[in-house]
Amino acid sequence: MAVPLGNDDLSDKPGERVIDKSELPEAGITNENDVHTETLSGNMQLKRGTSGKFEVFCDEPARIGGTDTYPSPMAYLAMSIGF
């Protein structure tokens, strides 16, 4: 039985994509994304998210208890669909 390719099986060369090969892996490809999210105590609705070396912040509008300093979680979700 074929096993799907994981993150460690794929090339990390810029521009080299497995989907450009003439035949894709029979069992497919898996993808793992590790993220950590936390609410920052004492900062109303401010939250921080990290994934690897990247860090993002989100907030809520003042009408629901935030300071509107960063995009809302729903704004990030909407942007992710566009990406």
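Since the structure is predicted, the reported quantities are computational estimates derived from the model, not experimental observations.

A. Region of interest: the overall build of the chain. Looking only at helices and strands, the chain has 1 helix and 3 strands in total. Secondary structure elements in the chain, listed N-terminal to C-terminal, are β-β-β-α. Since a compact globule built from 83 residues should have a radius of gyration of about 12 Å, the 18 Å found for the chain marks it as more spread out than a globular shape. If you line up the chain on its principal axes, its C-alpha atoms span 55 × 25 × 25 Å. For the chain, long-range pairs separated by at least 24 residues make up 14% of all intrachain contacts whose partners lie at least 6 apart in sequence. Looking at the chain as shown, the accessible area adds up to about 7000 Å², and 54% of this sits on carbon and sulfur atoms.

B. Molecular detail of a negative patch on the surface. The grouping of D8, D9, E32 and D34 at the surface amounts to a negative patch. Along the polypeptide, D34 turns up in the segment before β1 (36-39).

C. Looking closely at the side chain of D59. Tracing the backbone through its elements, the reader meets D59 in the loop between β3 (54-58) and α1 (73-82). Of the side chains with opposite charge, K47 comes closest to the buried, unpaired D59, at an N-O distance of 5.8 Å. Among the polar contacts made by the side chain of D59, one reaches the main-chain amide nitrogen of D68 at a distance of 3.0 Å. Here the side chain of D59 touches T69 through a polar contact of 3.0 Å, landing on its backbone nitrogen. Those residues in contact with D59 that lie beyond four places of it in its chain are Q45, L46, G66, T67, D68, T69, Y70, P71, S72 and P73.

D. Examining the side chain of E60 more closely. Along the chain, the position of E60 falls in the loop between β3 and α1. One buried charge, E60, has no salt-bridge partner; the nearest side chain with opposite charge is K47, at 4.1 Å. When neighbours within four sequence positions are excluded, E60 is seen to be in contact with Q45, K47, G66, T67, D68, S72 and P73.

E. Representation of the environment of S80 in the model. Structurally, the position occupied by S80 is in helix α1. The partly exposed category is assigned to S80, whose relative accessible area is 41%. In the structure, S80 is positioned 60 residues away from D20 in sequence and 23 Å away in space, judged by C-alpha atoms. Among the polar contacts listed, one links the side chain of S80 to the backbone oxygen of L77, at a separation of 2.6 Å.

F. Just the pattern of salt bridges, in detail. For the coordinates displayed, the defined rule picks out 3 salt bridges. E38 is the partner of R48 in a salt bridge, and the nearest nitrogen-oxygen pair spans 2.7 Å. Of the two residues, R48 is situated in strand β2 (residues 47-51) and E38 in strand β1; the sequence distance between them amounts to 10 residues. Using a relative accessible area of 25% as the deciding quantity, one classes R48 as partly exposed. Residue E38 is classed as partly exposed on the basis of its relative accessible area, which comes to 29%. In this structure, R48 and E55 form a salt bridge, with 3.8 Å as the shortest nitrogen-oxygen distance. By relative accessible area, which is 45% here, E55 ends up partly exposed. In this structure, a network of salt bridges that share partners links the residues E38, R48 and E55.

Each value, and the rule that gives it
Position labels on residues start from 1 in each chain and follow its written sequence. For this predicted model, a pLDDT threshold of at least 70 governs which residues receive local features, and a threshold of 80 or more governs which side-chain atom pairs are given and counted, while totals over whole chains, interfaces and linings are taken from all residues. Values reported for side chains reflect all heavy atoms of the structure, with hydrogen atoms and water molecules removed beforehand. By the criteria applied, helices consist of DSSP H or I runs no shorter than four residues and strands consist of E runs no shorter than two, each listed in order from the N terminus. This radius of gyration counts C-alpha atoms alone. The globule rule is 2.2 Å times how many residues there are, raised to the power 0.38. Whether two residues touch is decided by their heavy atoms; if any such pair falls within 4.5 Å, the residues are in contact. To be clear on the numbers: accessible area is Shrake-Rupley with a 1.4 Å probe, and residue cover counts the displayed protein chains and nothing else. Patches here are clusters of residues that have more than 30% relative accessible area and form no salt bridge, with a 9 Å joining cutoff for like charges and a 5 Å cutoff for nonpolar side chains (Val, Leu, Ile, Met, Phe, Trp, Tyr). Criterion for a salt bridge: a side-chain nitrogen of Lys or Arg within 4 Å of a carboxyl oxygen of Asp or Glu. His is not counted, nor are the chain ends; Lys and Arg add positive charge and Asp and Glu add negative charge. All charge positions are set by atom: Lys at NZ, Arg at CZ, Asp at CG, Glu at CD. Three labels apply to residues, based on accessible area from a 1.4 Å probe with only protein chains included: buried if under 20% of the type maximum, exposed if over 50%, partly exposed otherwise in between. Polar contact is the term for a pair of N or O atoms within 3.5 Å; when the atoms are in protein, one must be able to donate a hydrogen and the other to accept it, and sequence-neighboring residues count only if both atoms are side-chain atoms.

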